[in-house]
Amino acid sequence: MAEPARVRRLIGSLQDKSNNRLRPFPTLRDAIRGLMSENAIKTSKYNLFSFLPLNLFEQFSRLANAYFLFLLILQLIPQISAVPWFTTAVPLLIVLSVSGVKDANDDINRHKQDKQVNNRRVKVLIHGELREEKWMNIQVGDIIKLESNQFVPADLLLLSSSEPLNLIYVETAELDGETNLKVKQALTVTGEMGDNMDDLSAFRGEVRCEPPNNHLDKFKGTLTVDGQQHGLDNNKILLRGCTVRNTEWCFGLVIFTGPDTKLMQNSGRTTFKRTSIDQLMNILVLCIFGFLATICAIMTVGHAIWEVNEGSTFTAFLPRLSGVDIPLSSFYAFWSYVIVLNTVVPISLYVSVEMIRLGNSFFIDWDRKMYYPKKDTPAQARTTTLNEELGQIKYIFSDKTGTLTQNIMTFNKCSINGRNYGELYDFSGQRMEITENTKRVDFSWNQLADPKFVFHDHSLLETVKEGNPEAQAFFRLLALCHTVMSEEKKEGELNYQAQSPDEGALVTAARNFGFVFRSRTPETITVMEMGKKVTYELLAVLDFNNVRKRMSVIVRDPEGRMTLYCKGADTIIYERLHPSCSKLKDVTTKHLNEYAGDGLRTLALAYKHLEESYMERWLERHHEATTAIEGREDRLDVLYEDIETDLMLLGATAVEDKLQDGVPHTIEQLAKADIKIWVLTGDKQETAENIGYSCNMLREEMKDIFVVTANTADKVKEELQNARRKMCPGSAEKPKVIKARAGLLWLQKTQTVQDENANGEYGLIINGQSLAYALQEDLELELLRTACLCRTVICCRVTPLQKAQVVELVKKYKQSITLAIGDGANDVSMIKAAHIGVGISGQEGMQAVLSSDFSFAQFRYLQRLLLVHGRWSYIRMCKFLQYFFYKNFSYTLVHFWYGFFCGFSAQTVYDDWFITMYNLIYTATSVLALGLFDQDVNDRWSFRYPQLYSPGQLNMFFSKRTFVRCLIVSTYTSLVLFFFPWAAMRDSVRGDGKDIADYQSFAMLTQTSLLLVVSAQMFLDTYYWTAINQLFLWGSIAAYFAITFTIFSNGLFFMFTSSFPFIGTARNNLNQPNVWLTIFLTCLLCVLPTVAYRFLHMQLRPTITDKVRYQAREEGQPAPAPYRPPSRRVSTRRSSYAFSHSQGYGDLVTSRKFLRLKRRPSLFGRKDSVLVENQPQRFRTITEETESSQT
């Protein structure tokens, strides 16, 4: 195999003399280092030297900025420009500065985050001793030491550990979302080195492995030591992003760094996100350019005609410049009108948009109702350019673990001998809701109790203390039947190491109720029963697997009685019960249905007393089966089936995978807003399904819930088609894909699959293996059609890459705005793929937050982010754009009409200073106030009527149609603004008989009318008045008159004669009654059609916003929703099993060398362990044991 095709990792004893680190062999070092990546992570875009050129290049890559730069160049040409250059230069400089400062600030934050990660410390083997190095300095070939609770800095080959059998416990929540601990194991050949620095430094070896890829669950490679090859798989690799747990120390060899690590390979590529309004604005700006070119061409033709017919008569007092004929004059006129009419796309538009987005981002940051005091975590808008898109979300893709749940398993309820425990009832027999203020059970009598354990039903403890045999047997089973490891560093301080959080919760419950699992050896289990130490002989562990869905232990108590204790899925246990348990089974089933209705994870518990003679024969058969070379697994299954019969039912447990506060209500609110929520999780199917019921995403009332688990493409297609045909019988076999073009210059090709209507409510659950086939090109449309017909979609056992692929599929064919929310590194690719990425700063680190656009601490804050901040931001931006285009088209088109009266000479109607300050001062602050503070209804009404969110999903408030309507209204307004003052003042005279109708007086009258008209329109558009709105609006009008009287004063004229030519115009005009009458009538004519249209529309076709606003005016603040305690829901669908430790873990806990001799010297007496007999001197891995059993 060629070396470049497959990256070759070599470790040799030849060491780099400069730092004495392990390095590849010198013959390949240069070639291999060229293929290796540094371990430093870089997410920043600029450095100190590249910022200015790169940022300016990016800014002028925007069509609008390049356009304004072109205008500035035109204005510097005296033959063309009729407007001073500073009218464009000053706003352009402000735009570039504001955007540059914002980009610099964002990049500085990225630099800080990169520095924080890259500067973390880890111990590296250098010169035969451990030295602390920064993560960024780690290289392939380094040997590093990790300790408990440390993050893994790179992809490592595990060499040795402090644990027996060279095991190590890792938490992979950031990679796959699973919180249960996983076991990794080093090879025996490397494990023998332990923590001996001399052995580690002198270690010789060669590693060949696959190139960097994104497969989290697969790894292929070989380690060659002393000429012998050893296979490497995923169980020997520690991936970056894992956390070492319950392991004192371990050593690992770096094989992948930085971007080559599987974590970074799954992170997805970072894309520049732009809102749909941004994309629409680009199209509209392009259309406006076309409109501008058209009207400039019309004015150019008019100029040429006028010059031919009328121009010659003016040459006597206004001669043409030498060499300037009519064609050249018309050419100049075209570019002059481009400059004069350029305000149809004012540069201040982009400044205002950025300021509004920044302001709305601050409102998110400052919202105390999205602040989580327990962790001192406020909401944060990490990206300031996507706010309005929060008001248009149609699909939400959510992780489960740590996003919907708290990663905490709690023992919630139980049924013992037909009696239900865990509920509280008042004196009238009504069920009481348990809150934080509810009195807890006092476990202070038990010195070994876990102080964190909480239970509220005192009757259960009383039953146990009374010596009830069934209750004590119940908790005895929980204390004995498990694979949990106990560690007691100090007397009385127990630390349970559970591979499954469910098992940890059950053993902890037994511990608090007086049955404390204290310690174990391969042959015994020691339990403190109500303060008395009891040691049970462990005869056999009948291990769990996904087929059996149960586990059992066989123990002998000190009196010599042998008992089998079994726990598992209720459907499996019920099949193996003794007929005498029928009545108890019916009562327990009722309790199980209630637990399932509450979204709890259930297990049934049973036991069986065994005869001595039977057990002797069974143990002999068991020994034969475990030592068999062929058919070992089948023979063991037959044995297990034989002994696990005629069981006596004890009861059932109910464990709560604790949801975050407010999750069901949030999902309900978002569903009312017509937002579809899909759950994409790496967890197993049963757990994901259970959470679906807990969150009310899956309900008993649904007509059907389809589960797709096929393992071939044809079967996946068949299951999806059958589901679609049942939901929509009349649907076409082939989907109808509407192809169109969109984007700038219509270069982007789009494909849209229309929504279909289902004949009821359905749910879809699909696992990762089936999803891999469904995401293939020939099946992806079938998956999309079927999923979109369902109210709820849950994808389980999915990889990070599959999460991103699902998001991309919906984006590609639905053309809807998507949001992805998660809290772990396994969610990063999904967060980057969606239009909006939300990170939850939860249990799984900060990887998701660092890649997100918005972040907060609890899932419930999502409804406030979308239904309040998102909706307000969208409405504000739409109102702002409508008003902005209205005021600027009205302002600009007056120049067009004036062209017909000035010989198409590109003379401006208004004073130059009014042109400069119209968009910067006179109309800037009031429109900013509208875009920052306006709200149609307050947050309480937004929560009461989530349906208010729907218009944003349909782009009802700003679209191409809305823009055309705005253009028509602006055209009408400009006609009135020009012709009504012109007609009214044409033959008017002052009170002293002098004419009013000169150019300067007409300009003064027109610009005053314009400002008052757009201010009146602002009054009509503002729904929510604040002191700031009032100040900015009235202040703008006052500023106009103050500045106008100042720049038209005698003093400025005498100091700067050429710059302030309108001397005395303001005071001479505005003291005439007929001028004010003209202004009043002009404003009335402009505003009256708008008022009439809105009145009629509200009366004849009121929108939901109109109805809610009317109700809000009538009622004021909405009454708080009456408190309704959660209703009891009964379900017959339950999780198949509520524990998930890996198959083979039972063999590990019974292995002689699983526990350290130096810690527990008195615990080992058994010599006949199967594993010990087979390989007495060799540490065997989980994988090796499985392989040998299959041989």
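Anyway, here's the lowdown on the structure attached to this text. Only a predicted model underlies this, so the values are computations on that prediction, with no experimental measurement involved.

On to the packing of aromatic side chains, then. Inspection of the entire model under this criterion finds 56 aromatic pairs. Where Tyr395 meets Trp678, the ring centres are 5.9 Å apart and the plane angle is 85 degrees; that geometry is what we call edge-to-face. On the criterion of sequence distance, the pair formed by Tyr395 in strand 15 (residues 393–398) and Trp678 in strand 29 (residues 676–680) is long-range, its members being 283 residues apart. What makes Tyr395 buried here is its relative accessible area of 1%. Taken together, the ring pairs in this structure connect Phe896, Trp897, Tyr898, Phe900, Phe901, Phe904, Phe978, Phe979, Trp982 and Phe1002 into an aromatic cluster. Between the NZ or CZ atom of Arg120 and the centre of the ring of Trp135, over which it lies, the distance is 5.1 Å. Cation over ring: Arg1109 sits above Tyr1023, and NZ or CZ is 3.7 Å from the ring centre.

For the rest of this paragraph, the subject is the nonpolar core. Core analysis: the largest hydrophobic core is formed by 91 residues, its most contacted members being Phe880, Leu881 and Phe885. By residue number, the principal contributor to this core is helix 27 (residues 861–899), which donates 17 residues. Residue-level mapping places this core at the junction of two domains, with at least three residues from each of domain 1 (47–119) and domain 5 (872–1108). Each residue touching Leu881, except ones within four places of it in the same chain, is listed here: Ile277, Met281, Leu349, Val353 and Phe958. Core analysis: the second largest hydrophobic core is formed by 52 residues, Leu460, Leu494, Tyr496 and Val516 among them.

Strands sit in the order 14-37-36-35-15-29-34-33-30 across an open sheet of nine strands; the sheet is mixed. The open sheet has two edge strands with one neighbour each: strand 14 (380–381) and strand 30 (704–708). The strands that helix 24 (residues 800–814) touches are strand 15, strand 29 and strand 35 (817–822); relative to strand 15, the one it contacts most, it runs at about 170 degrees.

There is a patch of nonpolar side chains on the surface, built from Val90, Ile94, Val98, Leu920 and Ile921 and spanning about 330 Å² of accessible area. Taken together, the elements giving at least two residues each to the nonpolar patch come down to helix 4 (86–118) and helix 28 (912–922). Examining the composition of the nonpolar patch, we find that three residues originate from one element, helix 4, more than from any other. Mapping Val90 onto the fold places it in helix 4. Of the residues examined, Val90 reaches a relative accessible area of 41% and is grouped as partly exposed.

Moving on to the pairing of strand 25 (residues 550–556). Of all the seven residues making up strand 25, six are buried; the element is thus mostly covered by neighbouring parts of the structure. Across five bridges, the pairing between strand 24 (residues 532–542) and strand 25 is antiparallel. Bridge pairing in strand 25 links Glu537 to Arg556. Two elements, strand 25 and strand 26 (residues 562–568), share seven bridges in a ladder whose sense is antiparallel. Across the sheet, residue Ser552 finds its bridge partner in strand 26, namely Cys566. Connecting strand 25 to the next strand, strand 26, in antiparallel fashion are five residues, including Gly560 with a positive phi near 95 degrees.

Rules behind the numbers
Residues numbered from 1 in each chain as written. Predicted model: local features only at pLDDT ≥ 70, side-chain atom pairs only at ≥ 80, totals over all residues. Heavy atoms only, no water. Phe/Tyr/Trp six-rings, centres within 6.5 Å; stacked < 30°, edge-to-face > 60°. Helix = DSSP H or I, 4+ residues; strand = E, 2+ residues; numbered from the N terminus. Buried < 20%, exposed > 50% of the residue type's maximum accessible area, 1.4 Å probe, protein only. Lys NZ or Arg CZ within 6 Å of the ring centre and 35° of its normal. Core = buried A, V, L, I, M, F, W, Y, C linked by side-chain atoms within 4.5 Å. Domains from an automatic or database assignment. Contact = heavy atoms within 4.5 Å. Pairing = 2+ DSSP bridges. Axes fitted to C-alpha atoms, helices over the stretch in contact; angles between N-to-C directions. Patch = residues over 30% accessible without salt bridge, like charges linked within 9 Å, V, L, I, M, F, W, Y side chains within 5 Å. Areas by Shrake-Rupley, 256 points an atom, 1.4 Å probe, with all protein chains shown as cover. Salt bridge = Lys/Arg side-chain N within 4 Å of Asp/Glu carboxyl O.

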